[in-house]
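Secondary and tertiary structure notes
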Amino acid sequence: MTDCLFCKIVARQIPADIVLETGRALAFRDVNPQAPTHVLVVPKAHHENAAALAAADDGLADDLLTACHAVAVQEGVAEPGYRVVFNTGTGAGQTVFHVHAHVLGGRSLTWPPG
Ligand code: DGP
């Protein structure tokens, strides 16, 4: 997609602090971190949100979750634990409409979130 922020990061047209790349996913630090570890994991292919990603039904959602765990291991937060969040829709706070998993860790994470 030509006018998508995260497509531009995937295409290296906009800089980002990239921490992991796989065949179908890219992970980079959130510009506005909410935890010591706050990494966004995106599919390289453009899908608007988690529902569209799941509907693609080509294993991409599996790959994305695998990449999330790899990021958590790499960042040293797999133990004691981390959170994966997909904000889906404006009512949930989604602001970038290229599906992305927030991987959060490195501090005590309260539940339920606000
Ligand atoms: P969401 O609100 O779930 O759509 O999350 C979008 C996130 O994207 C938000 O936490 C801030 C982050 N973000 C927005 N613009 C940029 C950017 O240009 N670079 C990076 N690394 N993160 C960005």
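The preceding data block contains the structure.
For the structure given in this document, a descriptive report is provided here. (Residues numbered from 1 in each chain as written. Predicted model: local features only at pLDDT ≥ 70, side-chain atom pairs only at ≥ 80, totals over all residues. Heavy atoms only, no water.)

Focus: the nonpolar core
Our working rule: Take the buried Ala, Val, Leu, Ile, Met, Phe, Trp, Tyr and Cys residues and link them wherever side-chain atoms come within 4.5 Å; each set so joined is a nonpolar core. Exposure categories follow from relative accessible area, calculated using a 1.4 Å probe and restricted to protein chains: below 20% of the type maximum is buried, above 50% is exposed, and the middle band is partly exposed. The numbering of helices and of strands both runs from the N terminus, where a helix is a DSSP run of H or I of at least 4 residues and a strand a run of E of at least 2. Contacts: residue pairs with any heavy atoms within 4.5 Å of one another.
Counting residues in hydrophobic clusters, the biggest one holds 15 residues, and the most contacted among them are Val-19, Leu-20, Ala-27, Val-39, Val-41 and Val-71. Secondary-structure elements contributing two or more residues to this core are β1 (18-21), β2 (25-29), β3 (37-43), α3 (60-75) and β5 (101-105). Here the element with the most residues in this core is α3; it accounts for 5 residues. Residue contacts for Leu-20: discarding those within four places in its chain leaves Ala-25, Leu-26, Ala-27, Ala-67, Ala-70, Val-71 and Gln-74. Ile-9, Leu-26, Leu-40 and Val-96 belong to the second-largest nonpolar core, a separate cluster that totals 10 residues.

Side note on the pairing of β5
Filter applied, for reference: For two strands to pair, DSSP has to find at least two bridges joining them.
In terms of residue burial, β5 counts as a mostly covered element, since 5 of its 5 residues are buried. Of the two faces of β5, the one lined by Ala-101, Val-103 and Gly-105 and the one lined by His-102 and Leu-104 are each fully buried. Of the pairings in the sheet, the one linking β3 to β5 comprises 5 bridges and is antiparallel in character. Counted as the bridge partner of Val-39 is Val-103 from β5. Inspection of the sheet shows strand β4 (residues 83-85) paired to β5 by 3 bridges, in the antiparallel sense. Note that in β5 the partner of Val-84 across the bridge is Val-103.

Re the site of the ligand
For clarity, the cut-off: Summary of the distance rule: residues count as near a molecule or strand when at least one heavy atom falls within 4 Å of that molecule or strand. By the criterion applied in these results, polar contacts are pairs of N or O atoms within 3.5 Å in which, for protein atoms, one can donate a hydrogen and the other can accept it, and in which residues neighboring in sequence qualify only through two side-chain atoms. Each accessible area is a Shrake-Rupley estimate made with a 1.4 Å probe; only the visible protein chains count as cover when residues are assessed. Using a 1 Å grid laid over the protein atoms alone, points where a 1.4 Å probe fits but cannot get out form a cavity; open sets with protein on both sides within 12 Å along at least 5 of 7 lines form a pocket; any residue with an atom within 4 Å of a point counts as lining. Throughout, a molecule is located in a cavity or pocket provided that more than half of its atoms lie within 2 Å of its grid points.
Residues in contact with the ligand amount to 15 residues; listed here are only the nearest, Asp-30, Asn-87, Gly-93, Thr-95 and His-102. A distance of 3.3 Å separates a nitrogen atom of the ligand from a polar backbone atom of Val-31. Within the backbone of Thr-95, an N or O atom sits 2.7 Å from an oxygen atom of the ligand. Contact with the protein chains covers 81% of the free accessible surface of the ligand, which is 510 Å². Judged by the proximity of its atoms to the pocket grid, the ligand belongs to the largest pocket. Elements that contribute at least two residues to the shell around the ligand include exactly α1 (5-10) and β2. No other element matches the 3 residues that α1 contributes to the shell around the ligand.

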